[in-house]
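The chain contents come next:
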Amino acid sequence: MSRFWSPLIATLSPYVPGEQPKIANLVKLNTNENPYGPSPKALAAIGAAVDDGLRLYPDPDASALKQVLAKYHGVQPNQVFVGNGSDEVLAFIFQALFQHDAPILFPDVTYSFYPVYCGLYQIAYRTVPLRAGFALAVEDYQRLNGGIIFPNPNAPTGRAVARDEIERLLQANPDSVVVVDEAYVDFGAQSAMGLVECYPNLLVTQTLSKSRSLAGLRVGFAVGHADLIEALIRVKDSFNSYPLDRLAIVGAAAAYEDEPYFQHTRQAVIDSRTALVAQMDALGFETVPSAANFIFTRHPAHDAVIVAAGLRAQGVIVRHFNKPGIDQYLRITIGTVEQNHALIAALSAVLAVTAAPLA
Ligand SMILES: *Cc1c(COP(=O)(O)O)cnc(C)c1O
């Protein structure tokens, strides 16, 4: 706090990203990165772009990348917006498309960046309680609102909502912008991308950080009606004309051109998740059904904070959210088969030494 701060800055409570520890050899299962590397073709394309061309500014429209994304998702390039990670794309959406005359709606347990953007852009919001088992019920979103946003699958629960349900929500809210944040969709949920042609109020965001294993490159995008995309371009060009650098544009495009690698690694994550959930069940954990590259899990007889600390002492890092309603859960990223073995071994050791509290 300083007297030089603007009054708004003093009121913010910024997002706290998961830790990126500097220690080597940790089993890092706390920030939902992909345990497999990026496509070798993406790496080669980035390497090939490291040359004298870096002298020049990149294409402000990233049109080569937009073309690849449009073709992949069966839309026109003017229905695609690209940004510096989907977090930036989401920030622009909050600023450009959410209204201020009624609160926007999102689930009570969800991506903790949403209330942060509301604070930054002074948007009122109302959280909508999830149902039993963290299920999202679209009927709960039938009330006056300035916009609706939720991740599908939801974060940090991993639970997905079916495309038919999303369509029902869109039909009930024709006058609001509805944003489906599909950061994890490739790990087992149904994408709403196919609905953008029918619903001019729908925006779908995706990222290359999770299923494409390029969190370090910072590329995300939105797909929707060209009028919505134009609003995002207006914000971008009032802020930073070049959110994607030359390496990001070519690397992201190359990642989409390596479909076999994508299919192979995403299936490996899904298989690893299935195996991990079975092992967690055997240890007595209760795990929310996940369509993502992480699980949300609790042990009925062991405190989540103590389990997380015990894991950490053995070099395994997972994420805990100190929030009412979810403070007994751990969010654990799906690792490789070897990382999952290390996790299960560490968990077994922790459960053996931490006494279960009296019932
Ligand atoms: C990871 C994540 C994002 C943002 O990812 P970027 O790396 O900024 O593209 C957006 N929404 C949710 C729910 C996420 O978990």
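Residues numbered from 1 in each chain as written. Predicted model: local features only at pLDDT ≥ 70, side-chain atom pairs only at ≥ 80, totals over all residues. Heavy atoms only, no water.

Quick notes on the overall build of the chain
Note the following rule: Helix and strand definitions here come from DSSP, where helices need a minimum of 4 consecutive H or I residues and strands a minimum of 2 consecutive E residues; each element is numbered from the N-terminal end. Radius of gyration here uses only the C-alpha atoms, and the compact-globule reference equals 2.2 Å multiplied by the residue count raised to the power 0.38. A 1.4 Å probe rolled over the protein chains alone gives each residue an accessible area, and that area as a share of the maximum for its type sets the label: buried under 20%, exposed over 50%, partly exposed in between. Two residues qualify as a contact provided that any one of their heavy atoms is within 4.5 Å of a heavy atom in the partner residue.
When helices and strands are tallied, the chain shows 11 helices and 12 strands. The globule rule puts the C-alpha radius of gyration for 359 residues at 21 Å, and the 21 Å found for the chain is close to it. With respect to the three principal axes, the spread of C-alpha positions in the chain is 60 × 50 × 50 Å. Here the chain holds 359 residues, and 52% of them are scored as buried. Of all intrachain contacts in the chain linking residues separated by at least 6 positions in sequence, the fraction that spans at least 24 positions is 73%.

Remarks on the site of the ligand
Rules: A cutoff of 4 Å decides nearness: a residue is near a molecule or strand if any of its heavy atoms lies inside that distance of it. A 3.5 Å cut-off defines polar contacts: any pair of N or O atoms within that distance qualifies, except that in protein one atom must be a possible hydrogen donor and the other a possible acceptor, and neighbouring residues in sequence count only when both atoms are side-chain atoms. Where accessible areas are quoted, they stem from the Shrake-Rupley method and a 1.4 Å probe; at the residue level, only the protein chains shown are allowed to cover.
In the region of the ligand, the neighbouring residues are Gly85, Ser86, Asp87, Tyr111, Ala155, Asp181, Ala183, Tyr184, Thr207, Ser209, Lys210 and Arg218. With respect to the ligand, the side chain of aspartate 181 contributes an N or O atom lying 2.7 Å from a nitrogen atom. At a separation of 3.1 Å, an oxygen atom of the ligand approaches a polar side-chain atom of lysine 210. Burial of the ligand by the protein chains amounts to 93% of its free accessible area of 380 Å². It is helix H4 (residues 85–97) that provides the largest number of residues to the shell around the ligand, a total of 3 residues.

A look at the pairing of strand S3 (residues 104–107)
Selection rule: Strands were regarded as paired on the criterion that DSSP finds at least two bridges between them. We call a crossover right-handed when, viewed with the strands running away from us, the connection from the first strand over the helix to the second turns clockwise.
Looking at chain direction, S3 and strand S4 (residues 125–128) are connected through 4 bridges and run parallel. By the bridge assignment for S4, leucine 105 is matched with arginine 126. You can see the chain leave S3, run along helix H5 (residues 113–121) and come back into S4, and the turn it takes is right-handed.

So, the domain arrangement of the chain
Quick note on the threshold: Domain borders in the structure are assigned automatically or taken from a domain database. Summed over both partners, the accessible area lost on bringing two parts together, with a 1.4 Å probe, is the buried area. Salt-bridge detection follows one rule: a side-chain nitrogen of Lys or Arg within 4 Å of a carboxyl oxygen of Asp or Glu. Side-chain classes follow a simple rule in which Ala, Val, Leu, Ile, Met, Phe, Trp, Tyr, Cys and Pro form the nonpolar group, Asp, Glu, Lys and Arg form the charged group, and the remainder, Gly included, forms the polar group.
If you check the domain split of the chain, you get domain 1 (7–37 + 260–353) and domain 2 (40–257). Domain 1 and domain 2 are separated by 24 Å when their C-alpha centres are compared. In this assembly, 30 residues from domain 1 lie in contact with 30 residues from domain 2. The junction of domain 1 with domain 2 conceals about 2,400 Å² of combined surface from both sides, 66% of it contributed by carbon and sulfur atoms. Considering only the surface of domain 1 that becomes buried against domain 2, Tyr15, Phe262 and Ala291 emerge as the three largest contributors, covering 27% of it. Across the domain 1-domain 2 interface, the total number found is 0 salt bridges. Counting across the domain 1 and domain 2 interface gives 8 residue pairs in polar contact (both at pLDDT 80 or more). The residue makeup of the side of domain 1 that touches domain 2, split by class, is 18 nonpolar, 7 polar and 5 charged.

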